[in-house]
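Listed below, chain by chain, are the residues.
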Amino acid sequence: MTEITREERQREDQAILQQFPILDGSFTYLDNGATTQKPQCVLDAMMHYYTKENANPMRGLYDLSIKATEAYEDARETVRAFINARAHEEIVFTRNATESLNLVAYTYGRAFIKEGDEIVITIMEHHSNMLPWQQLCKEKGAKLTYILPEADGTITEEMFRSYMNPNVKLVAMTQVSNVLGVKNDIKTFARIAHENGAVFVCDGAQSVPHMKVDVQELDCDFLSFSGHKIYGPMGIGVLYGKRDLLDKMPPFLFGGEMIEYVTTEGATWNELPHKFEAGTVNDGGAVGLAAALRFVSSIGFDRIEERELHLTKMMMTEMQKLPYVHILGSTDPEKHHGIVTFTVDGVHPHDIAAIFDSHKVDIRAGHHCAQPLMKFCHTPSTVRASMGLYNTEEDVQHFLDALKKLREEMGY
Ligand code: PLP
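This report concerns the structure included in the present document. (Residues numbered from 1 in each chain as written. Predicted model: local features only at pLDDT ≥ 70, side-chain atom pairs only at ≥ 80, totals over all residues. Heavy atoms only, no water.)

What follows covers the site of the ligand. In the vicinity of the ligand there are 14 residues, among which Thr98, Asp203, Ser226, His228 and Lys229 approach most closely. Take Ala97: an N or O atom from its main chain is 3.4 Å from an oxygen atom of the ligand. Taking 390 Å² as the accessible area of the ligand by itself, protein coverage stands at 89%. Its atoms largely coinciding with the cavity grid, the ligand occupies the largest pocket. Across the shell around the ligand, the residue classes break down as two nonpolar, 10 polar and two charged. (Near = heavy atom within 4 Å. Polar contact = N/O pair within 3.5 Å; in protein donor to acceptor, adjacent residues only side chain to side chain. Areas by Shrake-Rupley, 256 points an atom, 1.4 Å probe, with all protein chains shown as cover. 1 Å grid on protein atoms, 1.4 Å probe; cavity = no way out; pocket = protein on both sides within 12 Å on 5 of 7 lines; lining within 4 Å. Sits in = over half its atoms within 2 Å of the grid points. Nonpolar A, V, L, I, M, F, W, Y, C, P; charged D, E, K, R; others polar.)

Have a look at this one:
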């Protein structure tokens, strides 16, 4: 991580901020874990697509449709390179991370998980990486086991190993928790899962926007993420899957474009990745996502990680001085990856978020789609501030000012 001077940081802040038309200084946006704002280049790329290239891709034989197909497949190549997948066949466009995870549970899960098998997930999973496996296990008579981390969210190699046994056929785990911010050692856990004969599904929704994720290095079998959390549009997501696994999985949705040949008796399936992309695809979304990934690459994860850590340190250091504020997870900002979830004695999280809103600071309150984790942490709900690459020291200062006035405004 390259640290920079104060002047360099301010120049960098301005250079980044001016690319986000919505960030006009009238509010402070700290809900990036939920969704991110979009840079002009993403908006321009989508505008270009819809004004110059829009047609139903992969179907027409005319020039515009060919252009639309090229735009879509170029976007796929950008995604492939971004996560370093071996082949474009391994990149399936979906609607979001949720759909990607459901795709694996519905197709791989229903084809290969049997009664008596065991699936291992963690208690820190987002509901999107929990409910598909819960449903699958109920349907198949398989067992679902939850890894319980240490109080700060750590799962050690030893702990992970203790959950492995010959019945475990699939492990699904988030790389970064959307509540604790803790990062799981996917590379090590995937290796151990493979030694045990299990496939490894990695939920990258909160990691891919914040750090370099290389699927060959991690050696996970599947990886999911959402375009809207990485400065791209809503409605486009990605499922990476190893080719040999995708090949042997049945299709997810049935209809146009995913077939090779149809008779009144049945059908054969299109080649990868089209087998998993039924119906008209989200070409404009894919184009927007590709522009977002190019934008992120142009800044680089070295700078993104340094910026987000710098602000997390600033935020947590001040919060830790307030005895009535309690941060979930580790006390070490390096283990938070830009996510700071907390409670305030005597103030309900919804009141906290409403008061922050009156100070024009946008943060998230609730269970963060991780109710079993909330129970594990003995709290029904919390508040979360989450950083994006455009956040600045001023944003953190606005947040801290609102936090310090909070109890006063509640009459303490
Ligand atoms: N996984 C994690 C860790 C998340 O934080 C989220 C969303 O917040 C998801 C999955 C689901 O993402 P989406 O709602 O875009 O499908």
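So, about the pattern of salt bridges. Throughout the structure, instances matching the rule amount to 24 salt bridges. Residue Glu139 is joined to Arg110 by a salt bridge in which the shortest nitrogen-to-oxygen separation is 2.8 Å. Of the two residues, Glu139 sits in helix 5 (residues 131-140) while Arg110 sits in helix 4 (residues 97-112), which places them 29 residues apart along the sequence. A salt bridge links Asp221 to Lys242; the shortest N-O distance between them is 3.0 Å. With Asp221 in the loop between helix 8 (215-218) and strand 7 (222-226) and Lys242 in the loop between strand 8 (237-241) and helix 9 (243-248), this pair connects stretches of sequence that are 21 residues apart. By relative accessible area, which is 5% here, Asp221 ends up buried. (Salt bridge = Lys/Arg side-chain N within 4 Å of Asp/Glu carboxyl O. Helix = DSSP H or I, 4+ residues; strand = E, 2+ residues; numbered from the N terminus. Buried < 20%, exposed > 50% of the residue type's maximum accessible area, 1.4 Å probe, protein only.)

Looking now at the environment of Thr382. Within the secondary structure layout, Thr382 lies in strand 15 (residues 382-386). Residue Thr382 is classed as buried on the basis of its relative accessible area, which comes to 0%. With residues near it in sequence (within four places) discarded, Thr382 still touches Leu328, Thr341, Phe342, Thr343, Pro349, Arg364, Ala365, Gly366, His368 and Met374. A distance of 2.8 Å separates polar atoms of two side chains, one belonging to Thr382 and the other to His368. (Contact = heavy atoms within 4.5 Å.)

Mapped onto the fold, Ala190 is located in helix 7 (residues 186-195). If near-sequence neighbours (up to four positions away) are discounted, Ala190 is found in contact with Phe200, Leu218, Asp219 and Cys220.

To continue, consider the sheet that holds strand 15. Spatially, the four strands line up as an open sheet ordered 11-12-15-14, and their pairing is antiparallel. The sheet is open, and its two borders are formed by strand 11 (325-327) and strand 14 (364-366), each paired with just one other strand. On average, each strand axis in the sheet is inclined to that of its neighbour by 30°, with strand direction left out of account. Where strand 12 (residues 339-344) meets strand 15, four bridges bridge the pair, whose relative direction is antiparallel. Residue pairing for strand 15: Phe342 is matched across the bridge by Val383. (Pairing = 2+ DSSP bridges. Axes fitted to C-alpha atoms, helices over the stretch in contact; angles between N-to-C directions.)

A word on the layout of surface pockets. What the largest pocket holds in volume is close to 290 Å³. The dominant element in the lining of the largest pocket, judged by the number of residues it contributes, is helix 4, at three residues. Of the residues that constitute the lining of the largest pocket, the class distribution is six nonpolar, 12 polar and four charged. (Points joined across faces, edges and corners; volume = space filled by probe spheres on them.)

The next thing to look at is the side chain of Arg76. Mapped onto the elements, Arg76 comes out in helix 3 (residues 63-83). Take Arg76: its relative accessible area is 0%, and that puts it in the buried class. Setting aside chain neighbours within four positions, we find Arg76 in contact with His88, Ile91, Val92, Phe93, Pro273, His274 and Glu277.

These figures come from the coordinates and say nothing about function on their own.
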